[in-house]
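# Inside the fold
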Amino acid sequence: MKFVKSAAIAACGLAMFGLAGVFTGCSDSDSSSDAVAAGSSDVQSFDVASCNSDIDAGSVYALEQNKEGLVEYFKALSDGDLQGAQQKGASVKSSYGNILAGNPANCEAQVGYALASIANIVNNDGLKALIDTLRGNGTIETGDNYSLYKISSEQTAQVVVGSRALAKEASGKSVIVRVQDAIGENLLPVTDTAITYLTNVVRNGNVTILYNGGSRPVELDNGEFAPALGALYLMRALLVGVASVNVDITENGSFRWIETLDSMDISNYKTNPGVKKLLSLMDADNSFGTIKDNWAEAYGAIPNMLDSAITYVQLGLQYGINEAANGLATQMNDVYVVGNDEDADVSVSDLQMVIDSLNFFKKALHGDMEFKLGERSIVVNLGKFFKITNFKKYLPYYKIVDPADWYKDLPGSFWEEGLDGNSFGASELEFMAENNVASTSGPIDNRSAYIVDKKYYFDDEAADGLMVMVYGYLGSYTYADAAYDVVANGCDVTLSLMDYYVPSYYEMKDSLILKKYAYTISPEFCKVEDGVVKFLKTRGSTRPNMFYFTDAKGNKTASVIELDNFDSVEELKQVIIFPDVTFGGVFPKMTTDELWDWVGAFMEDDDYDDDDYYYDYYQSGYDESYGYDYDYDY
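Given the structure is predicted, the values throughout are model-derived calculations rather than measurements.

### Some words on the sheet that holds strand β8 (residues 445-453)
Spatial strand order, β8-β9-β10-β11-β13: five strands in an open sheet with antiparallel pairing. Both edges of this open sheet fall to β8 and β13 (518-520), since each of them pairs with a single strand only. Shown here is a sheet whose adjacent strand axes are inclined to one another by a mean of 25°, direction ignored. Where strand β10 (residues 478-489) and strand β11 (residues 492-497) come together, six bridges link them in antiparallel fashion. Following the sheet pairing, Val487 is matched in β11 by Thr494.

Written as structure tokens, this is what we have:
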């Protein structure tokens, strides 16, 4: 089969191979020694311009056996047989390696070794331990053996956060760091090896390999090799992207701080480990969200990798177009047939349209490109995005508030006598009581407590004071509740069981108790002033003032909870100030006014009133497939 070069598409693509191409764009090197710029590689020395098919009969037989081995490997993987895939991957890679040792310039062996190298990733020593961990060596709440490949997303999160094996290994590294290390130490070198070999095959231009496709033989050529090479470059770009960013959110190698957020409330926020960790991640000096120094160069080269990926895909598509000129003569066993007649799977014009479309994205990787989004347009320079090494520096100016000051000087807050439902002290009491709900009938699930004004609960204006309602489930379905009178003496509060309260299920009476009946409201929410007890209350938000926005000089412009009172984008624009609205040149023509126009547009799209939703829902009627088609009049 003859390979007709397309100069317009292949000019850069054919000159780019290995990591020299990745980091420098086009390369005119004729040696494979520069192909892998980083990491270790097991590439045999060979002339990249050659492709020798003269091999002994034993190697020919081994090549045929390896083809079947690769098919068996991918079948085992698709069947979920990871152990079988590991065994077959190791065998096939070893066999291809032996062939290359004696025939380093044999292109069929190079293709096979490239595929086998990727396939054999599951046998990498550095990855096997991680894979074994993810396969599951412990249990989740059900007691069943777990595997992150087979359990639900909710269970996966539970295992990741709760498992000591996943959270931290003996070295003290979290699973996040282990994955990133595995990419740099294990995955990228293997990917680089595959890129080097497959690049030589694509550059040779006329390599064909026949596989047993079951019903008919299947021939692979540059129509498949070039896009596969493009996929490897895409894979490399993705791996570098994942490995480059500081995303380790563990504390001393553990995720367990996340669990503490479930118990965070107004009564313990100052000491909650989860709060402390979140604030540290938000700090401008924290490395979270930055690009690692030793990965900055590789991360910055991602546009070149993506360019290579697109170029090789285009090269493969162009190869198909060139073959179409010969009709079926050279396409009888191809994966897909290109042409303009009824025997074709895809037309020449369709492939050309894809090639032309991909040119748009290639240009966007290296310069300013205008994107249309509905009636609006925006100029984007994607290449500049990968020059950013600290994303936090482009956030609006802000300052984190010390937890000790979260409830000081809150907008709409005031001090007044009387503990009632509008006081922060009542909210604190609510959470403190909830944390002390227990059961006399075994384990309790989903406990909760609420402050209730008696006059509203009993619909009796004569009823005075507050009560604490506590709820819980004993087992899966057994519901229990109880009520306690609130008696305040200064800032000290005592809860006493209300005997006259009738629980929802009388047979569960006295099933819920409080482990603690006496509480003290925190000084932030209760104080004695000139002998008068006063409680901090609010007419606005009860959310804490965790941070506030500033101008470029650090002067406060608005607290985060003050934003609740802002009704327009114009007001927000005055208090939320970005240091660089172009975000490092990613949006080179962006202005402050245009940025907030975009924000306003998104806010309008998101501002969908519930009344409108229900109106639309009922007007449209129920789905007729369920036997209902009601038409509601409003």
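After that view, the rundown keeps rolling.
### Structural notes on the sheet that holds strand β16 (residues 547-550)
With respect to topology, three strands assemble into an open sheet ordered β5-β16-β17, the strand pairing being antiparallel. Both edges of this open sheet fall to β5 (398-400) and β17 (556-559), since each of them pairs with a single strand only. Put simply, the sheet's adjacent strands are angled 30° from each other on average, direction ignored. Sheet analysis places β16 next to β17, joined by three bridges and oriented antiparallel. Within β17, the position partnered with Tyr548 by the bridge is Ser559.

### Section: empty space enclosed by the protein
Overall, the coordinates contain three cavities of 30 Å³ or more when judged by the stated rule. Of the voids in this model, the largest cavity is the one considered here, and its volume is about 100 Å³. With three residues, β10 is the single largest residue contributor to the lining of the largest cavity. Partitioned by chemical class, the residues of the lining of the largest cavity number eight nonpolar, one polar and four charged. A volume near 50 Å³ is recorded for the second largest cavity. Around the second largest cavity sit Asp221, Gly223, Glu224, Tyr319, Gly320, Glu323, Gln331, Asp334, Tyr336 and Val338, which together line it. Looking at the lining of the second largest cavity, the elements that each hand over two or more residues are α10 (222-244) and α14 (302-324). Here the lining of the second largest cavity takes three residues from α14, the largest share from any one element.

### Examining the layout of surface pockets
If you add up the space inside the largest pocket, you get close to 290 Å³. Along its surface, the largest pocket is lined by 14 residues, and Leu70, Phe74, Leu115, Tyr211 and Leu220 are the ones closest to its centre. For the lining of the largest pocket, the secondary structure elements donating two or more residues are α3 (57-78), α5 (107-119), β1 (209-212), β2 (217-220) and α10. In the lining of the largest pocket, the residues fall into eleven nonpolar, two polar and one charged.

### Let's talk about the side chain of Asp485
Mapped onto the secondary structure, Asp485 falls in strand β10. Relative accessible area serves as the criterion here: at 16%, Asp485 is assigned to the buried category.

### As for the pairing of strand β4 (residues 376-380)
Walk down a regular strand and you will see the side chains alternate between the two sheet faces. Pairing between strand β3 (residues 369-373) and β4: five bridges, direction antiparallel. Across the sheet, Met369 pairs through a bridge with Val380, a residue of β4. Count of turn residues in the β3/β4 antiparallel hairpin: two residues, of which Gly374 carries a positive phi of about 65°.

### Quick notes on the pattern of salt bridges
For the structure on display, the rule yields ten salt bridges. Note that Lys408 is salt-bridged to Asp405, the shortest N-O span being 3.1 Å. What makes Asp405 partly exposed here is its relative accessible area of 29%. Each of Glu416, Asp420 and Lys537 takes part in one network of salt bridges that share partners.

About the cut-offs
- Residues numbered from 1 in each chain as written.
- Predicted model: local features only at pLDDT ≥ 70, side-chain atom pairs only at ≥ 80, totals over all residues.
- Heavy atoms only, no water.
- Pairing = 2+ DSSP bridges.
- Helix = DSSP H or I, 4+ residues; strand = E, 2+ residues; numbered from the N terminus.
- Axes fitted to C-alpha atoms, helices over the stretch in contact; angles between N-to-C directions.
- 1 Å grid on protein atoms, 1.4 Å probe; cavity = no way out; pocket = protein on both sides within 12 Å on 5 of 7 lines; lining within 4 Å.
- Points joined across faces, edges and corners; volume = space filled by probe spheres on them.
- Nonpolar A, V, L, I, M, F, W, Y, C, P; charged D, E, K, R; others polar.
- Buried < 20%, exposed > 50% of the residue type's maximum accessible area, 1.4 Å probe, protein only.
- Salt bridge = Lys/Arg side-chain N within 4 Å of Asp/Glu carboxyl O.

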